[in-house]
Amino acid sequence: MTEAASPPASPRSTVVQFWRDQRVWLASVLILLVLAIFDPAQAGTSASFAGAALLKTAPFLILSISIAAWAGATGADNLIARAFTGAPLMMIALGALAGGISPFCSCGVIPLIAALLAMGVPLSAVMAFWLASPIMDPSMFVLTAGVLDLQFALAKTLAAIGLGVFGGLVVHLLARGGAFADPLREGIGNGGCGGARVRAPKPVVWQFWHHAERRAKFGKTASTTTLFLAKWLVLAFILESLMLAWIPAETVTAALGGDGFWPILTATLVGVPAYLNGYAALPLVGGLMGQGMAPGAGMAFLVAGGVTSIPAAMAVWALAKPQVFAFYFGLSLTGAFAAGLLFQLWTLA
């Protein structure tokens, strides 16, 4: 007995699906089209700026893509499971370190987090990983060093790990008093396929090229990562060109410049609604710093925006109860402000 053929997709659903899949590319094209109509000179300038910026960052892009593809093909990302065994304080430290250097994206971390919590891993260790993971990964480190500089990349890595440790310790102290006894929402299962990384992590195969399946995974990861990075960076460089053309330097300097308390606090709060994407934010912050933005404010913007970006925040909201989400949000802002303040003091030293 043959199965009934699926009904053809309606034109409306096709358009909606196309928008969902290609909305970042379409946004870039739309911006350039609007500029071509109302400001042709700026359209050419923005397109040239984006192309030149992509060429400049190409070596870092190639390296970051290779790292992501290598981690997936070898199974090196399975090593993350080893961070969640041992004493609570050790788990917090290892969880923060793993979150700061792991290649997980905001979407990929959702089943893993669900598995950890459902298996009874303390929320303190999971929170340490959860806070650090959206801020930094190997690809992000390479791109941050290329778009901004190595000092900023190192400081952002330390900020990610420090925020994870800080959040984990705070949750640990509160949990000892009975808080967060049941952090998961009702109906959250065992984490699905992501949970397998914790329950039974597969062995790492460093020479992955000897296995057809792993070679295929390397190629697929490299392809998807290339498209992901390219679409966000093109949009980011176009927006950066417009920002440099239209935002007066004195405006940025007045709002986010200087070495005081307020620019860092402002950048922390602005980073929540203004953050686009971790990769897209880098050239934007680079442009703002070129316009007079304080380094500490740039750090606060990137840290606050990374942890509270839509994918990261949705991961928390989807899995955890509202009080856990609120606490995650509060820890993010507090840690981002502290990171910005410390980085500002470091640059002035």
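Structure shown above.
Residues numbered from 1 in each chain as written. Predicted model: local features only at pLDDT ≥ 70, side-chain atom pairs only at ≥ 80, totals over all residues. Heavy atoms only, no water.

Engineer: Describe the packing of aromatic side chains, naming the residues involved and giving the relevant values.
Structural biologist: Inspection of every chain in the model, using the stated rule, returns nine aromatic pairs. For the pair Phe208 and Trp209, a centre-to-centre distance of 5.5 Å together with 70° between the ring planes defines the contact as edge-to-face. On the accessibility criterion, Phe208 (10% relative accessible area) is buried. Judged by its relative accessible area of 45%, Trp209 is partly exposed. Ring geometry for Phe343 and Trp346: centres 5.9 Å apart, planes at 80°, overall edge-to-face. In this pair, Phe343 and Trp346 both sit in helix 15 (residues 322-348), three residues apart, roughly one turn of the helix. (Phe/Tyr/Trp six-rings, centres within 6.5 Å; stacked < 30°, edge-to-face > 60°. Buried < 20%, exposed > 50% of the residue type's maximum accessible area, 1.4 Å probe, protein only. Helix = DSSP H or I, 4+ residues; strand = E, 2+ residues; numbered from the N terminus.)

Engineer: Give me the lowdown on a nonpolar patch on the surface, citing residues and values where you can.
Structural biologist: Taken together, Leu30, Val34, Ile37 and Phe38 make up a surface patch of nonpolar side chains, about 460 Å² in accessible area. Mapped onto the elements of the fold, Val34 is located in helix 1 (residues 11-38). Residue class for Val34 comes out partly exposed when judged on its relative accessible area of 40%. (Patch = residues over 30% accessible without salt bridge, like charges linked within 9 Å, V, L, I, M, F, W, Y side chains within 5 Å. Areas by Shrake-Rupley, 256 points an atom, 1.4 Å probe, with all protein chains shown as cover. Salt bridge = Lys/Arg side-chain N within 4 Å of Asp/Glu carboxyl O.)

Engineer: Tell me about the environment of Leu319, and name the residues and values.
Structural biologist: Relative to the elements of secondary structure, Leu319 occurs in helix 14 (residues 310-319). For the pair formed by Leu319 and Arg185, sequence separation is 134 residues and the distance between their alpha carbons is 5.8 Å.

Engineer: Go over helix 13 (residues 295-308), please, and point to the residues and values.
Structural biologist: A turn of α-helix holds 3.6 residues, and therefore any two residues three or four places apart point the same way. Counted at 1.5 Å a residue, the expected span for helix 13 with its 14 residues is 20 Å, and the 20 Å between its end C-alpha atoms agrees. Of all 14 residues making up helix 13, 13 are buried, and the element is well covered by its neighbours. (Expected span 1.5 Å × (residues − 1).)

Engineer: So what's going on with the packing of helix 7 (residues 150-176) against helix 15? Residues and values would help.
Structural biologist: One can describe the packing of helix 7 onto helix 15 by two numbers: an axis separation of 9 Å at closest approach and a directional angle of 140°. Judged by the inter-axis angle, helix 7 sits oblique to helix 15. The crossing of helix 7 and helix 15 is right-handed. For the pair helix 7 and helix 15, the contacting residues are Gln151, Phe152, Ala155, Ala159, Leu163, Phe166, Gly167, Val170, Val171 and Leu174 in the first and Phe327, Leu331, Thr334, Gly335, Ala339, Phe343, Trp346 and Thr347 in the second. Partitioning the contact of helix 7 with helix 15 into residue classes produces 13 nonpolar, five polar and no charged. (Axes fitted to C-alpha atoms, helices over the stretch in contact; angles between N-to-C directions. Parallel < 35°, antiparallel > 145°, perpendicular 65-115°, else oblique. Left-handed = near helix turned anticlockwise from the far one by under 90°. Contact = heavy atoms within 4.5 Å. Nonpolar A, V, L, I, M, F, W, Y, C, P; charged D, E, K, R; others polar.)

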